[in-house]
There are 2 protein chains.
Amino acid sequence: MDHDVEATARDRRVSSGVRLNGTGEFGLIDRMTARLPQGEISLLGPGDDAAIVAVPDGRVVACTDALVEGRHFRRDWCDAADVGHRAAAANLADVAAMGAVPTALLVALCAPGDLPVQWAEEFAEGVADEAGLVGASVVGGDTTSSALLTIVVTALGDLQGRDPVVRSGASPGDVVALAGRVGCAAAGYTVLSRGFRTPKILVDAYRRPEVDYRAGPAAAIAGATSMIDVSDGLLADLGHIAKASEVHIDVTKDAFGLPQQLRDAARALGVDPYQWILAGGEDHALAATFPSHASLPPGWLIVGKVSRGEGVSVDGRDWVGPRGWDHFTRSGS
Amino acid sequence: MDHDVEATARDRRVSSGVRLNGTGEFGLIDRMTARLPQGEISLLGPGDDAAIVAVPDGRVVACTDALVEGRHFRRDWCDAADVGHRAAAANLADVAAMGAVPTALLVALCAPGDLPVQWAEEFAEGVADEAGLVGASVVGGDTTSSALLTIVVTALGDLQGRDPVVRSGASPGDVVALAGRVGCAAAGYTVLSRGFRTPKILVDAYRRPEVDYRAGPAAAIAGATSMIDVSDGLLADLGHIAKASEVHIDVTKDAFGLPQQLRDAARALGVDPYQWILAGGEDHALAATFPSHASLPPGWLIVGKVSRGEGVSVDGRDWVGPRGWDHFTRSGS
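Quick caveat: nothing in here was measured; it's all calculated off a predicted structure. Just so you know, the residues in each chain are numbered from 1, in the order the chain's sequence is written. Just so you know, chain letters begin at A and ligand numbers begin at 1, following the order they were written in. The model is predicted, so local features are restricted to residues of pLDDT at least 70 and side-chain atom pairs to those at 80 or more, both for listing and for counting; the totals for chains, interfaces and linings are taken over all residues. Side-chain descriptors were evaluated using all non-hydrogen atoms of the structure, hydrogens and water having been removed beforehand.

Draft legend 1. Focus on helix H3 (residues 80-96) of chain B. All names here are of chain B. A run of DSSP states H or I qualifies as a helix once it reaches four residues; a run of E qualifies as a strand once it reaches two. Both are numbered from the N-terminal end. Helix span is expected to be 1.5 Å times the residue number reduced by one. Relative to the 24 Å expected for 17 residues at 1.5 Å per residue, H3 spans 24 Å between its end C-alpha atoms, a close match to the ideal helical length. Buried, partly exposed and exposed residues are distinguished by accessible area as a fraction of the type maximum, computed with a 1.4 Å probe on protein chains only: under 20%, between the cut-offs, and over 50%, respectively. Here H3 lies mainly inside the structure; 17 of its 17 residues are buried. Throughout this description, a polar contact denotes any pair of N or O atoms lying within 3.5 Å of each other; where both atoms belong to protein, one of them has to be capable of donating a hydrogen while the other can accept it, and for residues adjacent in sequence the pair is counted only when both atoms sit in side chains. Among the residues of H3, the N-terminal cap falls to Asp-79, whose side-chain oxygen and the backbone nitrogen of Ala-81 are separated by 3.1 Å.

This is the structure:
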């Protein structure tokens, strides 16, 4: 660890002021991979045609998620490490939402030639640091020149012998529960959009989500019947479970704590804070359903119930307002 | 199969003229996933937070590769299915170059909102068709809006109990061999760059590479000591083997057949055809080293030898001219 820190400090001095078109593709790959510690699961890390990852379970969980500058992040709102953390978190949370433990990431960085090498290095460190929270390694990737900074991360995960927790398993009578905060990232986004930089707790929640990855496997062990990563917005994502499971989900507004800073920011900006909570994505909380008799693991909070029918309601009524985010229509859905 | 073809014909009629911002993210995902048949290895295909792929070997091969419009493909040069085939091939070839059999792909499509839905559908079919050549399934992915059409594919593969064939295993005395054509894609690229659309065989080689994926596992079984997918250019990629293995590689020009159409096109365009063969990438041939006593599998042709030293030479001399492609400096390297 000390060695890594020293190497980082030295390399940062060297690359200060250097841009990608000055170091070349292979120089960039060398600089980035030097920042990627390999765990035991990584049987062959970066540097060959492909990586090799140990899969003791005999099944591998795999997902991929893209972040495009200007749409998913802005370099004036988030530093390079933040973007790295967010890109990793979006994928690690998807793996956790299957009830699995993330083991490896692959990272494609499509970047303008005038991007400072230091940005790419700090980005790589952000990815590796977020992966390190769950013991996952960044085992490979690709770099290429692009006019538009675009990051695509693929995550692999291990089910540890358990059945995956899919979206289609919810049954009438189940409870709906949530692990992790919702609404803070959306609030932070609104704050930044209006030109403010505080409250810091909200802005930071947007910049670098804090995901309780262990809540996913814990939910699987506790008997979760369905689970999803809340990235489109809570109502939209519960809608995916309702549709896949052919059930109705009702959410109880009062079940959500309303942190003082969220309440204050909502009042100051003239926003309904429940709009952030119920329709905001990017906190990467996990939502799941459990049989009503199940003992919920630590960190899970009951926020609703499953019944016969279809769709999602809030306190028994339709929610007026956007339920989440659609990446093509740019409108709430 | 008949069912799929019918479904495709019907859906194409529906989506003719529709653009991505008219169908929305989830509509697009539904339209694309309808075109992705799932093989036995796919334990859970598209539609959840992550896919689940069977990995009987206990180790999974994984790699990722990005294609950016204007840099890796042009929509006026390649149709959507071509781009799908190429995006898949680049990754499937990397898996084969480890001596593994590709099993699954994940596809991230970052696309402008005004992209015709039909383009995305035909692209998905191209990816699935190329994957189908080796029995691999497209198990998941992501779609998002982006001003710049960018495609990132991740491939997974199965080593079938064998050791991977890495870049670092070449030894002095080994022979260097090649499976698949080299130079045709580069020639096709030059032809298109100069505004021509023929000879068709060269243009088609650029648009849709024909990769002998089985040559990778066959080489592993035959005892290949190192292997690489030729994507940067033959000399550049052999340079990666020479560097990783700490050996010298000499390539024999006369070992390469010079197809008549390549010769004719080179004369017409005033290009040295060996520049295409030795420095052109994107045919996704496989290059490998074998012990001199090894019986080479069908399709493998000896093109050089390994000795003590470093670097790559052609007929014992330095090659004058570019050796391949660097994605950031835009210059030959």
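Draft legend 2. Geometry of unusual backbone geometry. Residues and elements named next belong to chain A. With an omega dihedral of 5°, the bond running from Thr-198 to Pro-199 counts as a cis peptide bond. Backbone geometry at Gln-160 places phi at a positive 50°, although glycine is not the residue there. Residue position: Gln-160 is located in the loop between strand S6 (150-158) and strand S7 (175-179).

Draft legend 3. Structural detail: the interface of chain A and chain B. Contact criterion: two residues are considered in contact whenever any of their non-hydrogen atoms come within 4.5 Å of each other. Contacts between the two partners involve 65 residues from chain A, matched on the other side by 65 residues from chain B. Accessible area that two parts lose when put together, evaluated with a 1.4 Å probe and summed over both, is termed the buried area. Regarding the contact of chain A and chain B, the summed buried area is about 5000 Å², with carbon and sulfur atoms giving 63% of it. By definition, a salt bridge exists where a carboxyl oxygen of Asp or Glu is found within 4 Å of a side-chain nitrogen of Lys or Arg. Across the chain A-chain B interface, the total number found is 4 salt bridges. Where Arg167(B) meets Asp48(A), a salt bridge forms, and the shortest distance between an N and an O atom there is 3.6 Å. At the junction of chain A with chain B, the criterion picks out 18 residue pairs in polar contact (both at pLDDT 80 or more). When residues of the side of chain A that touches chain B are traced back to their parent elements, those giving at least two are helix H2 (20-33), strand S1 (42-44), strand S2 (51-54), strand S3 (59-68), strand S4 (101-111), strand S5 (137-145), S6 and strand S8 (226-230) of chain A. Here the side of chain A that touches chain B takes 9 residues from S3(A), the largest share from any one element.

Draft legend 4. Inspection of the sheet that holds S1(A) at higher detail. At least two DSSP bridges between two strands are needed for those strands to be called paired. One open sheet accounts for 6 strands, arranged S1(A)-S2(A)-S3(B)-S6(B)-S4(B)-S5(B); its pairing is mixed. At either end of the open sheet lies a strand with only one pairing partner, and these are S1 of chain A together with strand S5 (137-145) of chain B. Neighbour to neighbour, the strand axes of the sheet diverge by 25° on average, direction disregarded. Examined bridge by bridge, S1(A) and S2(A) share 2 bridges and lie antiparallel to one another. Counted as the bridge partner of Ser42(A) is Val53(A) from S2(A). Here, axes are lines fitted to C-alpha atoms. For helices the fit covers the stretch in contact, and angles between N-to-C directions go from 0 to 180 degrees.

Draft legend 5. Structural context of the UniProt feature "binding site: Mg(2+) 4" (unreviewed entry) in chain A. UniProt marks Asp49(A) and Asp94(A) with the feature "binding site: Mg(2+) 4" (unreviewed entry), using the numbering shown here. With the annotated positions falling across 46 residues, the maximum pairwise C-alpha distance of 25.8 Å shows that they are not confined to a single cluster. By the element assignment, Asp49(A) lies in the loop between S1 and S2. When near neighbours in sequence (up to four residues on either side) are disregarded, Asp49(A) contacts Cys63(B), Asp94(B), Ala97(B), Met98(B), Arg167(B), Met227(B), Ile228(B) and Asp229(B). By secondary structure assignment, the location of Asp94(A) is in helix H3 (residues 80-96). In this structure Asp94(A) comes out as buried when scored by relative accessible area, which is 8%. Not counting chain neighbours up to four residues away, the residues in contact with Asp94(A) comprise Cys63(A), Asp65(A), Asp229(A), Asp49(B) and Ala50(B). UniProt positions are given in the numbering used here, feature names are shortened, and annotations may be inferred rather than shown by experiment.

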